[in-house]
Amino acid sequence: METLKVKDVMTYDLTFVFENETVEQVIDLLEKSSMSGVPVVDNDLKVVGFISEEDIIRACLPSYFNLLQTAAFLPDTNLVLNNLKKISRDPVGKYISKPVFTVKPNDTILYVADAFMRKNFKVIPVVDDNNTLIGVVMRISVLKSAIRKETVVNG
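About the thresholds
Residues numbered from 1 in each chain as written. Predicted model: local features only at pLDDT ≥ 70, side-chain atom pairs only at ≥ 80, totals over all residues. Heavy atoms only, no water. Core = buried A, V, L, I, M, F, W, Y, C linked by side-chain atoms within 4.5 Å. Buried < 20%, exposed > 50% of the residue type's maximum accessible area, 1.4 Å probe, protein only. Helix = DSSP H or I, 4+ residues; strand = E, 2+ residues; numbered from the N terminus. Contact = heavy atoms within 4.5 Å. Salt bridge = Lys/Arg side-chain N within 4 Å of Asp/Glu carboxyl O. Phe/Tyr/Trp six-rings, centres within 6.5 Å; stacked < 30°, edge-to-face > 60°.

### Focus: the nonpolar core
Okay, so step 1: Ranked by internal contacts, the top residues of the largest apolar core, which has 20 residues, are V17, V26 and I51.
Okay, so step 2: Counting only elements with at least two residues in this core, the list comes to α2 (23–33), β3 (37–41), β4 (47–52), α3 (53–60) and β6 (133–138).
Okay, so step 3: Setting aside anything within four residues of it in sequence, one finds V26 in contact with V17, I51, I56 and V92.
Okay, so step 4: Residues L4, V9, I124 and V142 belong to the second largest nonpolar core, which totals 13 residues.

The following block contains the structure:
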């Protein structure tokens, strides 16, 4: 049995956005790609950040985001919608997460699974030695691979 690596489960998909794309464009892309977030790259496809649904929600209610985590706080839906409309034309670069956590193709799935659990990531960009985007690894891909009996996840 061989140890499972990122390259064995990653998606060689270059779905990404540039910092100057709008929040609205990113929301459209997330919906079409069924991803919860995407890497943000520069013109050389170097990963410079990450934008997720959570980042966009946080941008709509920056001072209330922590309160959203509790059942005791229910925000005014109109406030969320109005703020989303206000930021919809903003460049996504204003709201990206930096520095971005990335992995390499030869990293172990154990390392990636730990990052998914500890940091609550759903998608992690996969980069080469020059920090150039080559794909992503998603939680669901790791879960699907982990049920295969012919591989081991540690090693």
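Further notes follow.
### Observations regarding the pattern of salt bridges
Okay, so step 1: Evaluation of the coordinates by the stated rule reveals 7 salt bridges.
Okay, so step 2: With a closest N to O distance of 3.6 Å, D55 and R58 form a salt bridge. Taken together, the residues D55 and R58, both in helix α3 and 3 residues apart, mark about one turn of the helix.
Okay, so step 3: The class for D55 is buried, based on a relative accessible area of 8%.
Okay, so step 4: Given a relative accessible area of 33%, R58 falls into the partly exposed group.
Okay, so step 5: The salt bridge partner of K104 is D129, with a shortest N-O separation of 3.6 Å. Of this pair, K104 sits in the loop between α5 (77–87) and α6 (109–119) while D129 sits in the loop between β5 (123–127) and β6; the two residues are 25 residues apart in sequence, bridging distant segments of the chain.

### Describing the environment of G93
Okay, so step 1: Mapped onto the fold, G93 is located in the loop between α5 and α6.
Okay, so step 2: Here the alpha-carbon distance between G93 and V48, two residues 45 residues apart in the chain, equals 9.5 Å.

### Considering the packing of aromatic side chains
Okay, so step 1: By the definition in use, this model includes 3 aromatic pairs.
Okay, so step 2: Between the aromatic rings of F101 and Y111, the centroid separation amounts to 6.0 Å while the plane-to-plane angle is 35 degrees, which identifies the pairing as tilted. Placement of the pair is F101 in the loop between α5 and α6 and Y111 in helix α6, with a sequence separation of 10 residues.
Okay, so step 3: Overall, the relative accessible area of 22% leaves F101 in the partly exposed class.
Okay, so step 4: Members of the aromatic cluster, each reached through a chain of ring pairs, are F101, Y111 and F121.

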